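# A closer look at the structure
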Amino acid sequence: MARTRLVRRSSLVGAVLLVILAAPSGSSQDRRVIRLTAERFTFSPSQVKVTRGTVIEFRLRSEDTNHGFRIVGSDENLIIPKRGRGEATVIFKADTPGRYTFECSKMCGAGHSFMRGEIIVQDQEPQP
Amino acid sequence: MLFLTAFLIAMLATGRLAAQSATAASDAPAQGQVSPSSVEELERRLRELAARVKELESADESKAPQETAADGKSTVAPGEVAEAPTPPREQPSDVSQTGPISGYMDFHLNRPEHQDPQLDFHRFVLLFNHSFTDRIRFIGELELEHALVEGLEESGELELEQAYLDFRVNRAFNLRAGVLLTPVGIINERHEPPSFHGVERPFVDTFIIPTTWFDAGAGIHGTFGAAWHYRAYVMAPLDATRITAEEGLAEARQKGFLSNVRNIATTARLEYGGLPGLTLGTSFWRGESGFNFPREGARVGVVEFDGRYHTGPFAIRGEFAQIFIDGAEGLNDLLQRSTGVNANIAEQMRGFYIEPSWRPLPKLPFDTALFVRYENFDTQFRMPPGVLPLKQFDRAAWVVGASYFPDPDIALKIDYSVIRNQSSLFSSVDSLNVGLGWWF
């Protein structure tokens, strides 16, 4: 009987420990989904502010032709599908504070070179 | 490079395999059989080499723009890049394959009332771009109009509409110099055929804002706040002596051809795009344009407002533009003395349009848009003292039509234009227009 009680208590303690260990820790990264629309010749929004540690999931959609999405300084460079052809997703880990420029990397028309935006990674919570 | 690397690895593998085979053969029993342990070793090394080749292929592909299928994901962190899945090669791709040259084309059939129909390859435009570095870029746009240039009247035109270097400093401040598009109106900087309705560009963007309006110049551009975009340039001015009563400023553009810059023009545009689907813009152009008669002078100003909005299948756009010519009286006197004809140039010209449109089947991959556009454009809006307006140039138009998009970059367009003017002597000509335009 005493042995059965001991086994039950041990099991309970083990289960509690497992739950504690499996729970997300306070230092885990926040995740934000940003829906970004590309249209000749702007990204909307063209400025994204996050705090350090945020994982941004960009969901990229076009209102017209193929656009490119390149984060300057990285090798990341992908094509945003044309209107009605779905979306592309890119995940940006905002680990280091700073300003990161993104731009259209596929010629999309006469004003192609205007298509730029930036990600601002701040130490503090961004002001609304 | 990839093939060379793969080739070298294959050669290395072949060599190592050959050596391994030779060793294995030498170590093999007299009957010439390979021992099972050697075969396993060879298979292990083959697997390692195959994995290495795959790794090199992935690294090479990540340098080019990845053709991301719908819902394809890619992960990136500062200084760290993860692979994005690419669609299997055997599957058809919706992504256009574009080489180093892009461009657009406009092929029209115009059938004016009581006249023979005409086929016209209206525009053949090529765009070039080159990045010297991430901060220095070149953009060029070369246009052939009406398919033929022979230097005679009624011939086409070969125009260098853009050729500039962009010096990128930061998001808010960048420099540019070369042949630039004047940043006035919706169409002048955004004229790819699938991006506007109607076979021909709006009349306001032809007779009031002389699209495509370009000239030599330099300036700054950038974005501030979340969604305010600006550009401000100094450019070569117009030649006021070539302004006409019927076509307004169209013939007055110097187009970067030995442009006279005795005086310079200033122009700027401010655009707001902070709300989903909405873009509001305003622009101006101002310049002393009387360099051919400096004693009198003629200062030309253009003020413009525009807006575009779309939500779901509905869209609407509108534009208002007004031209001011200080010194029109002296300009008319000068032109009458030199040509013997009163040029009837107005002190003010004005135009506006509004265009609602509807995509009835937005969920289908091949969508269609229906539109109607009302335009009012008057190149004789306010006349100098003593000069009567020519009423045939006070015009209004209804343009009704449809655009069919077999691909978002291809537009098959049809419209009917009804034009009316205020003259009791001259009638305007309606027209049926069919066009095929594409961007690549």
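These numbers come from a predicted model, not from an experiment. (Residues numbered from 1 in each chain as written. Chains lettered and ligands numbered in written order. Predicted model: local features only at pLDDT ≥ 70, side-chain atom pairs only at ≥ 80, totals over all residues. Heavy atoms only, no water.)

## With respect to a nonpolar patch on the surface
All names here are of chain B. Applied cut-off: A patch consists of residues whose relative accessible area exceeds 30% and which take part in no salt bridge; residues with like charges are grouped when within 9 Å of each other, and nonpolar side chains (Val, Leu, Ile, Met, Phe, Trp, Tyr) when within 5 Å. Accessible areas in this description were obtained via Shrake-Rupley with a 1.4 Å probe; residue shielding takes into account the shown protein chains only. Here, a salt bridge means any Lys or Arg side-chain nitrogen found within 4 Å of an Asp or Glu carboxyl oxygen. To qualify as a helix, a DSSP run of H or I must reach at least 4 residues; to qualify as a strand, a run of E must reach at least 2; elements of each kind are numbered from the N terminus.
Among the surface-exposed residues, Phe107, Leu109, Leu119, Phe366, Tyr404, Ile410, Leu412 and Leu436 lie close enough to one another that they form a single nonpolar patch of about 670 Å² accessible area. At the level of secondary structure, the elements contributing two or more residues to the nonpolar patch comprise β3 (101-112) and β17 (410-421). Within the secondary structure, Leu412 sits in strand β17.

## Looking at the confidence of the model for chain B
Residues and elements named next belong to chain B. Here is the rule we go by: Each residue gets a pLDDT score, which is the predictor's confidence in that residue and runs from 0 to 100. Contact between two residues is taken to exist if any of their heavy atoms lie within 4.5 Å; hydrogens are not considered.
Looking at chain B, the pLDDT average stands at 82 and 76% of residues meet or exceed 70. The secondary-structure element of chain B with the lowest mean pLDDT is helix α1 (residues 2-27), recorded at 38, while strand β14 (residues 348-358) shows the highest, at 98. Taken together, the stretch residues 1-36 has pLDDT below 50 and engages in 19 contacts with residues farther than four places along the chain or on a different chain. Segment residues 58-64: pLDDT under 50, and seven contacts once partners within four positions in sequence are set aside and those in other chains are kept. Here the complex is predicted with pTM 0.78, and the ipTM for its interfaces comes to 0.75.

## A look at the environment of B:Asp333
Residue and element names in this part refer to chain B. Our working definition: Burial classification: accessible surface area is computed with a 1.4 Å probe over protein chains only, and a residue below 20% of its type maximum counts as buried, one above 50% as exposed, and the rest as partly exposed.
Here Asp333 shows up in helix α4 (residues 328-339). Among the residues examined, Asp333 registers a relative accessible area of 40% and is labelled partly exposed. The sequence separation of Asp333 and Asn344 amounts to 11 residues, and the corresponding C-alpha distance is 9.6 Å.

## Notes on the state of the cysteines
Residues and elements named next belong to chain A. So the rule is basically this: Cysteine sulfur atoms are paired as a disulfide whenever they fall within 2.5 Å.
Tallied over the entire structure, the rule returns zero disulfides over all chains. Cysteine Cys108 remains unbridged, with the sulfur of Cys104 as its closest cysteine sulfur at 4.0 Å. Residue class for Cys108 comes out buried when judged on its relative accessible area of 0%.

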